[in-house]
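# Examining the three-dimensional arrangement
Here is how the chains run, residue by residue.
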Amino acid sequence: MAAANKAVLGPLVGAVDQGTSSTRFLVFNSKTAELLSHHQVELKQEFPKEGWVEQDPKEILNSVYECIEKTCEKLGQLNIDISNIKAIGVSNQRETTVVWDKLTGEPLYNAVVWLDLRTQSTVENLSKRIPGNNNFVKSKTGLPLSTYFSAVKLRWLLDNVRKVQKAVEEERALFGTVDSWLIWCLTGGANGGVHCTDVTNASRTMLFNIHSLEWDKELCEFFEIPMKILPNVRSSSEIYGLMKISHSLKAGALEGVPISGCLGDQSAALVGQMCFQDGQAKNTYGTGCFLLCNTGRKCVFSEHGLLTTVAYKLGRDKPVYYALEGSVAIAGAVVRWLRDNLGIIKTSEEIEKLAKEVGTSYGCYFVPAFSGLYAPYWEPSARGIICGLTQFTNRCHIAFAALEAVCFQTREILDAMNRDCGMPLRHLQVDGGMTNNKILMQLQADILYIPVVKPSMPETTALGAAMAAGAAEGVGVWSLDPEDLSAVTVERFEPQINAEESEIRYSTWKKAVMKSMGWVTTQSSESGDPSIFCSLPLGFFIVSSMVMLIGARYLSGMP
């Protein structure tokens, strides 16, 4: 029986899916795209000051090793030979910034996560140096000047961390987004590790010219970033190097397997959802929420607050494809916040049960602008609010409002995308961990008032990385020919409310968004100065008190 299994499976491809909240390693059958096994490890986030978000790069790396080891053990238990793994792809949280010492392999500071807000004054100072009639940063990169992207995070590290400054002076420093850090470590680290990134991740740094597909000298001079610390930019599908397994890892059979696919997580999901045609779009629900629309081989610049970004380049000699993107900072992170900060749920899955109990927010609206508002507003002064509270409001209504908030934010982005593209989407393809929540998916269909289509295998981010790795020249175990791609079974959610009710709820949400803006000044957001509270409206304290009271009632067992 075991021999028959091995004969049927054929070549396998592994994928590292390194996200903000967790790391996973997944193994797919390259002929059928079937997920055979995987393992997941949750990651810690550190919040040293108000608005700061960091992670330990070594914890990220060790979580990758652990996931590879555990997945290989599970495959062994299934009688699947791991020597059939012919390639490995990497997908990663984007923009998160790591600087490390190339001689020792040690990180020089924690990874500064994409959500981090410490660079707001850096952004404001840089903005003053951009001519009003010539925003060369946006025209070259497709991105607004924002705390979101890597260049300003790297600028902050160079300005504020002596270990980083010294390593740069002594030519020991290497910079990279998480993909670069992982590929360098997995291909040998200080002993010959490959320092590279792909075009999708490079396009999120704000140092990369998305037209020439090269690091841009003018941008590097503007941000005062030394070009020698930047990784080599490669396509999303080619052999970067071979796995050199850490001595701590039992899965020695992966030694020598090529790492041959690399895509930022949202581009990987676009590939995994098979959005290869101009106008196809997908929305991924993870820590944040990201809607990407393939615009083909042309850059489309948004007039409604969206980003222009590189979608993928699937081979050294293959053309580059672009996308319009709408980015929401807080999606799944709001569920984690309800669990970890307020304690009104014990597990992330419990939110669906609470929301189902009431079936409505009862007029309660939640704007989770914990890191300001991203698309389409790009408003760093915004902060989270819960409004419309009455004495009747309970934790179930807040749970429901949190799910609705994810859907309303997606609606705002979809509206902007429809205006930019001129062709409204007739349905929305979705993926990511939150899509397991059926209440959320139904709410999304109701609020968008179009069908929501979810693949039965939701791990499309990892699948995209695996496809890129398996299709690489020199590997060739995965065909990207449309005729060879496996048909995907889907679950479809149709709108169940009338259009008028959908519009009323959406317009009330927009009213709440307006109230969330202008809460924070630069000084207070960067210093974490307690005096910020002296300037906040009374409503802030009323809302805070209500939320704390609800949390306390829950924790004490009161209804």
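Analysis parameters
- Residues numbered from 1 in each chain as written.
- Predicted model: local features only at pLDDT ≥ 70, side-chain atom pairs only at ≥ 80, totals over all residues.
- Heavy atoms only, no water.
- Core = buried A, V, L, I, M, F, W, Y, C linked by side-chain atoms within 4.5 Å.
- Buried < 20%, exposed > 50% of the residue type's maximum accessible area, 1.4 Å probe, protein only.
- Helix = DSSP H or I, 4+ residues; strand = E, 2+ residues; numbered from the N terminus.
- Contact = heavy atoms within 4.5 Å.
- Salt bridge = Lys/Arg side-chain N within 4 Å of Asp/Glu carboxyl O.
- Pairing = 2+ DSSP bridges.
- Axes fitted to C-alpha atoms, helices over the stretch in contact; angles between N-to-C directions.
- pLDDT = per-residue confidence, 0-100.

### Regarding the nonpolar core
Among the nonpolar cores identified, the biggest contains 147 residues, and Phe-223, Tyr-285 and Leu-338 are the most heavily contacted of them. With 15 residues, the single largest contributor to this core is helix H13 (residues 395-421). With residues up to four places along the chain from it excluded, the contact list for Tyr-285 reads Val-406, Thr-410, Leu-428, Val-430, Asp-431, Gly-432, Gly-433, Met-434, Thr-435, Leu-440, Met-441 and Gln-444. Counting residues in each nonpolar core, the second largest holds 40 residues, with Ile-60, Ile-68, Cys-72 and Cys-196 among its members.

### What about the pattern of salt bridges?
Here the structure, examined in full by the defined rule, presents 34 salt bridges. A salt bridge links Arg-94 to Asp-265; the shortest N-O distance between them is 3.5 Å. Here Arg-94, found in the loop between strand S5 (85-92) and strand S6 (97-101), pairs with Asp-265, found in helix H10 (residues 265-272); they are 171 residues apart in sequence, far enough to count as distant. Here the two residues Arg-94 and Asp-265 agree in accessibility, since each one is buried. Put simply, Glu-170 and Arg-172 hold a salt bridge, and the shortest N to O gap is 2.8 Å. Judged by relative accessible area, Glu-170 falls into the partly exposed class, the value being 41%. A single salt-bridge network, built from bridges that share partners, covers Arg-94, Glu-95, Arg-204, Asp-265 and Glu-325.

### Considerations on the sheet that holds strand S2 (residues 22-29)
Spatially, six strands are ordered S3-S2-S1-S5-S14-S13 in an open sheet, and the strand pairing comes out mixed. Every interior strand has two partners, whereas the edge strands, strand S3 (35-42) and strand S13 (237-242), have only one. For this sheet the average axis-to-axis angle between neighbouring strands, irrespective of direction, equals 25°.

### Some thoughts on the confidence of the model for the chain
Looking at the chain, pLDDT values average 85 and 89% of them are 70 or higher. Put simply, helix H18 (residues 538-555) is where the chain has its lowest mean pLDDT, 42, and strand S9 (residues 196-198) is where it has its highest, 97. Scored below 50 in pLDDT, residues 523-559 shows 41 contacts in the model against residues more than four places distant or in partner chains.

### Notes on the pairing of strand S8 (residues 173-177)
With five of five residues buried, S8 is to be regarded as a mostly interior element. Pairing between S6 and S8: five bridges, direction antiparallel. Across the sheet, Thr-97 pairs through a bridge with Thr-177, a residue of S8.

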